[in-house]
Amino acid sequence: MGMTITEKILARHAGLPAVKPGDLVECRVDMLFANDITAPLAIQQFERIGVDRVFDPDRVAFVLDHYSPAKDIASAEQCRITREFVRKHGLPHFYDVGRAGVAHVLLAEEGFVLPGELFVGADSHTCNHGALGAFATGVGSSDLAAAMATGRLWFRVPHTLKFVFKGTLRPWVTGKDLVLRVIGDIGVDGARYAAMEFSGPVLQQLSLDERFSITNMAVEAGAKNGIMEPDEVVLEWVQLRARRPFEPVYGDSDAEYAAVYEYDVTDMEPVVAAPPSPDNVVPVTEVQGVRVDQCFIGTCTNGRIEDLRQAARVLAGRRVHPEVRLIVIPATPHVYRQALEEGLIQIFLEAGAAVSTATCGPCIGGHMGVLADGEVCVSTSSRNFIGRMGHRGSRVYLSNPAVAAAAAVAGKIVHPAEVVGSPVAV
Amino acid sequence: MEFQGRAHRLGDHIDTDLIIAGRYLVTTDPQRLAEHLFEDLDPALRSRIRPGDILVAGENFGQGSSREHAPLAILGAGVRVVVAASFARIFYRNAFNNGLVLLECPEAAQSVQDGDGLRIVPETGEIRNLTRNQVYRARPIPPFMQQLVEAGGLIPYVQQRLRILR
Ligand code: SF4
C-alpha cells in the first residue's frame, strides 16, 4: 500500500521503509523553533534535562514575536531569558526587535523550512509551513526542549484527510476563505489528530502567500499538520532561500486517505467566521451590516505581502470610517519593506490606518489593539475564541484582508465589492 | 496511582484561551498562572476549584494554542487529572509531558454532574462515581503515555533515555 506525503516524510525521518496511521515513531527533526512565550519554558525544561548543548545550533531558531517589542516589565523579563540563553549557547539564528517578524512568516522567508523536511515549533500555527511540502507541527515547550536536547521527537502517525479544490475562484475569494469554509464544514475537531492534505487545480490559482493561509489554519480544525505537495511555484520560491540542500517528497498514487472532500469553489463568496469559534463560518453577506470598532490586518495567517496588496486594493483612495480603528501589521521586516516599496504603506497611512512594526500584536489580546467589553473586531487572524483579542465581552469576526479593509472603510461588515464598486484588475 | 476528588463540569471545545488567557502568558509559574485559570470562561469558577478536584469536560478539551501554560495552570490549581470525551492533540502531549493525567471517557463526560465525587484508577481506566454509584470505563492510557507518567513527565523520561544512550 502506498503512503501519503505526510506518511512518507515521517517514515523517512524515522529511518523506516514505511509507516502507517497510528504507528508511534521517533523522528529526526530538521529544524525547530520557539517564540518569546514558549521559549522561556522550553529553556527551563532544557536546563532540567541537564545536557550542556543543543543538538545542533544551526537547526534551532528563536523568534521574539508575541509580546515583543516588550509590552510590559513581565514580558521584558521573558524576552531576556531567551536572549541570555541564545548568547550563552552561541546560537546563530536569533531574531530580536527590528529583525524579528511573526515567526511562521519569517522562518519560511529565511529559508529554514524546506520541502520534504520535518519542522517542529513551540507554537500551534507551525502547521503553516506545510504549504512548502514539509511536515510541520506545533508542540509544547517540553517537547521542544526534548527535541532541542536530542534532535529527535516521537509522533503518532496521523491519518490523512484530503481536500480537493476544483473550479474557478471569484474575485475577493482567497485561500483564507477556502480554509474557513473547510473548517466550517468539518468543525474545530473535524481533523483532530489528522493530517489535512490540500490539493486540486485551484491551488495553482493561488499565490504561495494565500496557500500559507490554508495550511496555517489546519490547527483550527484540530489537525496535526496541513500539507500540500510542492509544485513549481514552491520549488522556485524555496530555491531562492534554502539554507540547505533538500529533497522534495510526494505521496504515492495509491496512498490511502481516511476521507476525501471535494469542493467546487466556483460559486463561493468571501466568508467570515463569526464569534466565538473559527468553525462558525457564514458568507460575508449573511452578517453584512454588523457594526465594527476595529479592524486588524496582519498575523501569521494573513500578514504577507499578497495580503497587504489585497487590503490596499480596497483602501486605495479611501478613508477608514471615523468610528473605526484600522491596524495593519506587516508580518516581517521584509514584508514591511516590500509594502513600502510598492507604495502600500502610503495607502494605509493615507487611509488613516495605524501601521506597526512586526509583531503578533492584537492577535493574542496582549497589546497593540486590545478590545474593550462589547467591541467588535474584524480580524485577518485565525482565532476568535472568547477573550482572544481582549475583554471576554468583545467579539471577533475572522476574514480575509479585503473583507477586513472593506469593513474598516464602511464601518460595518460588507462585501469588498460594495466598497470598491467593481473589482480592480490585478 | 489513584485519584479521588470532586468533579467540575465543563463544556465542549474548551480552548486554551479560556483555560489561560493570552494576556497572562508573561510567567511560567504554575501558581501565578493558576490565579487566572478559566477566567474568561467563568470568572467565579477558579474560586470553586480546590486542590485534588477533577475536571470533567466534553469534546476537544484544550483546543487552540500550544501554550504549555494551560496544563501548568491546571496543575497550579492542584488538579491532577482531567476526564473528557476527547482532547485536542497538542494539549494532550503537553499534559502528559508535565504529569497531568488525561482520561478519554465519553460516558463519564455525559453522566458526571457538577460536584459528584469521583475515584479514578488511571492504569485500568476505571472511573467510579461515588455520588451516583456508577462506574465508567475510560480508554486505557497508551503504554507510551503510561511510561511518561511513571517517569514523572517527559523531562525525566528524556534524562533516562539519554543515560541509556550514553
Ligand atoms: S500571529 Fe497570532 S496566531 Fe500567529 S503566531 Fe502570532 S499569536 Fe499565534
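Residues numbered from 1 in each chain as written. Chains lettered and ligands numbered in written order. Predicted model: local features only at pLDDT ≥ 70, side-chain atom pairs only at ≥ 80, totals over all residues. Heavy atoms only, no water.

1. With respect to the pattern of salt bridges
Cut-off, in case you're wondering: When a carboxyl oxygen of Asp or Glu lies within 4 Å of a side-chain nitrogen of Lys or Arg, that pair is called a salt bridge. Buried, partly exposed and exposed residues are distinguished by accessible area as a fraction of the type maximum, computed with a 1.4 Å probe on protein chains only: under 20%, between the cut-offs, and over 50%, respectively. Starting at the N terminus, helices and strands are each numbered in turn, a helix being any DSSP run of H or I of at least four residues and a strand any DSSP run of E of at least two.
Scanning all chains against the criterion turns up 36 salt bridges over all chains. For Arg 313 of chain A, the salt bridge goes to Glu 306 of chain A, with nearest N and O atoms at 3.9 Å. Its relative accessible area of 21% is what places Arg 313 of chain A among the partly exposed residues. Among the ionic pairs, Asp 116 of chain B bridges to Arg 132 of chain B, the shortest N-O distance being 2.6 Å. Within this pair, whereas Asp 116 of chain B is found in the loop between helix H6 (106-111) and strand E5 (117-121), its partner Arg 132 of chain B is found in the loop between strand E6 (126-129) and strand E7 (134-137), the two being separated by 16 residues in sequence. Taking relative accessible area as the criterion, Asp 116 of chain B reaches 1% and is therefore assigned buried. Residues participating in the shared-partner salt-bridge network are Arg 28, Asp 30, Asp 56 and Arg 59 of chain A.

2. Considering the interface of chain B and chain A
This is how the line gets drawn: Contacts are assigned to residue pairs with any non-hydrogen atoms lying within 4.5 Å of each other. Buried area is a sum: the accessible area each of two parts loses on coming together, probed at 1.4 Å, counted once for each and added. Any residue outside Ala, Val, Leu, Ile, Met, Phe, Trp, Tyr, Cys, Pro, Asp, Glu, Lys and Arg is labelled polar, Gly included; the first ten of those are nonpolar and the last four are charged.
Counting residues at the interface gives 46 residues for chain B and 50 residues for chain A. Ranking the residues of chain B by area buried against chain A places Arg 89, Arg 93 and Ile 155 of chain B at the top, with a combined share of 20%. Where chain B packs against chain A, one counts 3 salt bridges. Between Arg 161 of chain B and Glu 26 of chain A there is a salt bridge whose closest N-O contact spans 3.3 Å. At the level of secondary structure, the elements contributing two or more residues to the side of chain B that touches chain A comprise helix H1 (16-19), helix H4 (69-76), helix H5 (89-97), helix H7 (143-151) and helix H8 (154-165) of chain B. For the side of chain B that touches chain A, the leading source of residues is H8 of chain B, giving 7 residues. A class-by-class count of the residues in the side of chain B that touches chain A yields 17 nonpolar, 15 polar and 14 charged.

3. Looking at the confidence of the model for chain B
Where we set the bar: pLDDT is a residue-level measure of predictor confidence that goes from 0 to 100.
On average, residues of chain B score 94 in pLDDT, and 99% of them reach the 70 mark or higher. Across the predicted assembly, pTM comes out at 0.95 and ipTM at 0.92.

4. Points about the sheet that holds strand E2 (residues 54-57) of chain B
Residue and element names in this part refer to chain B. The condition that has to hold: Two strands qualify as a pair provided that DSSP identifies no fewer than 2 bridges between them. For helices, the axis comes from a line fit to the C-alpha atoms of the stretch in contact; other axes are also lines fit to C-alpha atoms, and the angle between any two N-to-C directions lies between 0 and 180 degrees.
The mixed open sheet is built from 7 strands, whose spatial order is E4-E3-E2-E1-E5-E6-E7. Two strands bound the open sheet, and with one partner strand each, they are strand E4 (101-104) and E7. Within the sheet, the average angular offset between the axes of one strand and its neighbour, ignoring direction, is 30 degrees. The pairing of E2 with strand E3 (residues 81-84) spans 3 bridges and is parallel. Across the sheet, the residue bridging to Ala 57 is Ala 84, located in E3.

5. Quick look at the packing of helix H8 (residues 208-216) of chain A against helix H11 (residues 305-315) of chain A
Residue and element names in this part refer to chain A. Threshold: The scheme is simple: roughly parallel for angles under 35 degrees, roughly antiparallel for over 145, roughly perpendicular for 65 to 115, oblique for anything else.
For the pair H8 and H11, the least separation of the axes is 7 Å and the interaxial angle reads 105 degrees. Judged by the angle between their axes, H8 and H11 are roughly perpendicular. Contacts from Asp 209, Glu 210 and Ser 213 of H8 reach H11 at Ile 305, Glu 306, Asp 307 and Gln 310. Here the contact of H8 with H11 is composed, by residue class, of 1 nonpolar, 2 polar and 4 charged.

6. Notes on H4 of chain B
An α-helix turns once every 3.6 residues. As a result, residues three or four positions apart point the same way. Of all 8 residues that make up H4 of chain B, 7 are buried, and the element is covered over most of its length. Count one or two residues on from H4 of chain B and you reach Gly 78 of chain B, which has phi positive near 90 degrees.

7. A few points about the packing of aromatic side chains
Rules: Each aromatic pair joins two rings of Phe, Tyr and Trp (for Trp, the six-membered one) with centres within 6.5 Å, and gets the label stacked for planes under 30 degrees apart, edge-to-face for over 60, and tilted for any other angle.
Applying the stated criterion across every chain, the model contains 18 aromatic pairs over all chains. Measuring from ring centre to ring centre gives 4.8 Å for Phe 163 of chain A and Tyr 261 of chain A, while their planes differ by 5 degrees; the resulting arrangement is stacked. Here Phe 163 of chain A, found in strand E8 (residues 160-166), pairs with Tyr 261 of chain A, found in strand E11 (residues 259-264); they are 98 residues apart in sequence, far enough to count as distant. Exposure remark for Phe 163 of chain A: the relative accessible area of 0% places this residue in the buried category. Clustering of aromatic rings is evident, with ring pairs tying together Tyr 193 of chain A together with Phe 61, Phe 87, Phe 91, Tyr 92 and Phe 96 of chain B.

8. Topic: the pairing of E6 of chain B
Within a regular beta strand, the side chains point alternately toward one face of the sheet and then the other, so they alternate between its two faces. All names here are of chain B. Every second residue of E6 is oriented toward a common face, the buried set being Ile 127 and Asn 129 and the non-buried set Glu 126 and Arg 128. For E5 and E6, the ladder comprises 4 bridges, and the chain directions are antiparallel. Opposite Arg 119, over in E6, you have Arg 128 as the bridge partner. Here E5 folds back onto E6, and the loop between the two strands holds 4 residues, one of which, Gly 125, carries a positive phi near 80 degrees.

9. Considering the sheet that holds strand E9 (residues 195-199) of chain A
Residues and elements named next belong to chain A. Strand order in the open sheet formed by 4 strands is E10-E9-E8-E11, with parallel pairing between adjacent strands. Edge positions in the open sheet fall to strand E10 (225-227) and E11, since each of these has one partner strand only. Pairwise comparison of adjacent strand axes, ignoring direction, gives a mean angle of 20 degrees for this sheet. Where E9 and E10 come together, 3 bridges link them in parallel fashion. In the sheet register, Met 196 faces E10, and the bridge partner there is Gly 226.

10. What about the nonpolar core?
Convention followed: Put simply, buried Ala, Val, Leu, Ile, Met, Phe, Trp, Tyr and Cys residues joined by side-chain atoms within 4.5 Å make one nonpolar core.
Counting residues in hydrophobic clusters, the biggest one holds 109 residues, and the most contacted among them are Phe 62 of chain A together with Phe 38, Phe 61, Ile 74, Phe 91 and Ile 127 of chain B. Sequence-distant contacts of Phe 62 of chain A, that is, excluding residues within four places in its chain, are made with Ala 34, Ala 39, Thr 82, Phe 85, Val 86, Leu 91, His 93, Phe 94, Tyr 95 and Met 148 of chain A. Counting 65 residues, the second-largest nonpolar core is a separate cluster that includes Val 179, Leu 180, Leu 235 and Val 238 of chain A.

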